[in-house]
Amino acid sequence: MFGRMHAAVSLLTAATVLTGCGSTVSDIKITMATGSPGGVYYSLGRGLADIWSGRLGITRPQVVATAGSKDNVTRLINDQAQVGFSQADALEGVAGSDKLRALARMHDDYLQVIVRADLPVTKFAQLDGLRVSIGGRESGVEIIASALLRSAGVTPQAVNLNLDDSAQAMREGRLDAFFWSGGLPTQAITDLTKGLGVRMLDLSDVLPKFRREKPVYGSATLPASTYTLQSDPVGPVITLVVRNFLLVSEKMPDDVAEALVRQLFEGQPELVKAHSAARTIEQRSAIETSPVPLHNGAMRYYRESKI
């Protein structure tokens, strides 16, 4: 009986804080900042909304498509969202980001530089002068793409398009290449390869210098089977890796944060159905959110789980 009363009081506190009013569990309202509808953040956001509403009995969180990481961070700081996804690098130098807390380290994002296969482009330097989308404004893609282009001394005809618009522009012949940072596989790129020959650039020639400049990034080798690329046969592709966090404000009550994290992991089999990137989320690595502190409620969950 005490357990049920405690849970009700915890969720009632959440309702009051997250909505600013309300007096019942059903009053809890969460807005979740995700990313492009064709990206992994959006798919995972929809999956989490289903899990949290179904398992906690709350109103289904509103899943908002956004420009991406930097936009999400801004929305969290300005109380326009209560939960949001962000790459680790997107918080650097953002005023107010010190007020944010992490619920978990999620999947890792992989930088994917996609080029039309009918162009003789196999090296990063060959993007110079081409029509290239560097991601939507205020997105994590823009942060990585801009930094890598500066480091490599490459100057394309850069435009800011989100993932879906980049794929469409490439189909229509208005774009030669685009940057994307996301989980694997990304549905919008999978769909693109079904009707257009494209290739993914290997970045091994520019990564050593860039990673010395930006140690927040890692590197990984993507198997050639990541996508069915309609181009000349290629081997594995070496690219950048960046960690992803699930973030909230420090103002979120501890009981609410704990409940959200608990259902993230208890509902993980359901989340995998929303996107396969959820398979890589693990409790042991979920606490690795530096430079963002874990929320106290999330920390309580991890301690109780004895990871």
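Model, not experiment: these values are computed from the prediction.

### A look at the overall build of the chain
Here is step 1 of the chain: For the chain, the helix and strand inventory stands at 11 helices and 10 strands.
Here is step 2 of the chain: Every one of the 307 residues in the chain was classed for burial, and the buried ones make up 53%.
Here is step 3 of the chain: Sequence-distant contacts in the chain: of pairs separated by 6 or more residues, those separated by 24 or more amount to 75%.

### Remarks on the pattern of salt bridges
Here is step 1 of the chain: For the structure on display, the rule yields 16 salt bridges.
Here is step 2 of the chain: Across the salt bridge formed by E172 and R174, the nearest N and O atoms sit 2.8 Å from each other.
Here is step 3 of the chain: Residue R174 is classed as partly exposed on the basis of its relative accessible area, which comes to 47%.
Here is step 4 of the chain: Here the residues in one salt-bridge network are D255, E258, R262, R300 and E304, joined through shared partners.

### Some remarks on the nonpolar core
Here is step 1 of the chain: Grouped together as the largest cluster of nonpolar side chains are 94 residues, with contacts concentrated most on W52, L127 and F179.
Here is step 2 of the chain: Apart from the residues within four sequence positions on either side, F179 is in contact with L111, Q112, V113, F124, L127, V132, S133, I134, V141, A145, L148 and L149.

### Side note on the environment of S36
Here is step 1 of the chain: Take S36: it is sitting in the loop between strand 1 (31-33) and helix 2 (40-56).
Here is step 2 of the chain: It is 7.2 Å that separates the C-alpha atoms of S36 and D164, two residues lying 128 residues apart in sequence.
Here is step 3 of the chain: There is a polar contact of 2.7 Å between the side chain of S36 and the side chain of D164.

### Focus on the pairing of strand 10 (residues 237-249)
Here is step 1 of the chain: The buried fraction of strand 10 is high, at 11 of 13 residues.
Here is step 2 of the chain: Bridge count between strand 4 (residues 100-116) and strand 10: eight bridges; the pairing is antiparallel. From the neighbouring strand, D109 faces strand 10, where its bridge partner is V242.
Here is step 3 of the chain: Bridge analysis of strand 9 (residues 218-222) against strand 10 gives five bridges, and the strand direction is antiparallel. Each bridged residue has a counterpart across the sheet, and for T221 the counterpart in strand 10 is I238.

### Digging into unusual backbone geometry
Here is step 1 of the chain: For the peptide bond that leads from L184 to P185, omega is -10 degrees, which places it in the cis range.
Here is step 2 of the chain: With respect to the secondary-structure elements, P185 resides in the loop between strand 7 (177-182) and helix 6 (187-193).
Here is step 3 of the chain: The backbone phi angle of D79 is positive, close to 60 degrees, even though this residue is not glycine.
Here is step 4 of the chain: Tracing the chain through its elements places D79 in the loop between helix 3 (69-77) and strand 3 (83-87).
Here is step 5 of the chain: The class for D79 is partly exposed, based on a relative accessible area of 42%.
Here is step 6 of the chain: The backbone of E138 sits at a positive phi, close to 70 degrees, despite the residue not being glycine.
Here is step 7 of the chain: Given a relative accessible area of 37%, E138 falls into the partly exposed group.

### Describing the pairing of strand 4
Here is step 1 of the chain: Counting buried positions along strand 4 gives 15 out of 17 residues, so the element sits mostly inside the fold.
Here is step 2 of the chain: Strand direction decides the pairing type here: strand 4 and strand 7, joined by six bridges, are antiparallel. Counterpart to Y110 in the pairing with strand 7 is G182.
Here is step 3 of the chain: Sheet topology note: the strand 4/strand 8 (residues 198-200) ladder contains three bridges and is antiparallel.

### Quick look at the confidence of the model for the chain
Here is step 1 of the chain: In the predicted model, the chain carries a mean pLDDT of 88, and the fraction of residues at 70 or more is 89%.
Here is step 2 of the chain: With pLDDT under 50 throughout, residues 1-25 is counted as low confidence; its partners more than four residues away or in other chains account for 36 contacts.

### Some details on the packing of helix 2 against helix 8 (residues 254-266)
Here is step 1 of the chain: Two elements in contact, helix 2 and helix 8, have axes whose closest approach is 10 Å; the angle formed by their N-to-C orientations is 110 degrees. Regarding the angle of helix 2 to helix 8, the classification is roughly perpendicular. Of the residues in helix 8, those in contact with L48, I51, W52, R55 and L56 of helix 2 are A259, L260, Q263, L264 and E266.

### Brief notes about the packing of aromatic side chains
Here is step 1 of the chain: Counting across every chain of the model gives six aromatic pairs.
Here is step 2 of the chain: Each ring, one from Y41 and one from F85, has its centre 5.1 Å from the other, and the planes form 20 degrees; the classification is stacked. Taken together, the residues Y41 in helix 2 and F85 in strand 3 connect sequence positions 44 residues apart.
Here is step 3 of the chain: Exposure remark for Y41: the relative accessible area of 9% places this residue in the buried category.
Here is step 4 of the chain: For F85, a relative accessible area of 0% translates into the label buried.
Here is step 5 of the chain: When the ring of Y301 is compared with that of Y302, the centres are 5.4 Å apart and the planes differ by 65 degrees; the resulting orientation is edge-to-face. Summarising the burial analysis for this pair, Y301 and Y302 share the class buried.
Here is step 6 of the chain: Feature note: the residues F265, Y301 and Y302 constitute an aromatic cluster, connected by ring pairs.

What counts and what doesn't
- Residues numbered from 1 in each chain as written.
- Predicted model: local features only at pLDDT ≥ 70, side-chain atom pairs only at ≥ 80, totals over all residues.
- Heavy atoms only, no water.
- Helix = DSSP H or I, 4+ residues; strand = E, 2+ residues; numbered from the N terminus.
- Buried < 20%, exposed > 50% of the residue type's maximum accessible area, 1.4 Å probe, protein only.
- Contact = heavy atoms within 4.5 Å.
- Salt bridge = Lys/Arg side-chain N within 4 Å of Asp/Glu carboxyl O.
- Core = buried A, V, L, I, M, F, W, Y, C linked by side-chain atoms within 4.5 Å.
- Polar contact = N/O pair within 3.5 Å; in protein donor to acceptor, adjacent residues only side chain to side chain.
- Pairing = 2+ DSSP bridges.
- pLDDT = per-residue confidence, 0-100.
- Axes fitted to C-alpha atoms, helices over the stretch in contact; angles between N-to-C directions.
- Parallel < 35°, antiparallel > 145°, perpendicular 65-115°, else oblique.
- Phe/Tyr/Trp six-rings, centres within 6.5 Å; stacked < 30°, edge-to-face > 60°.

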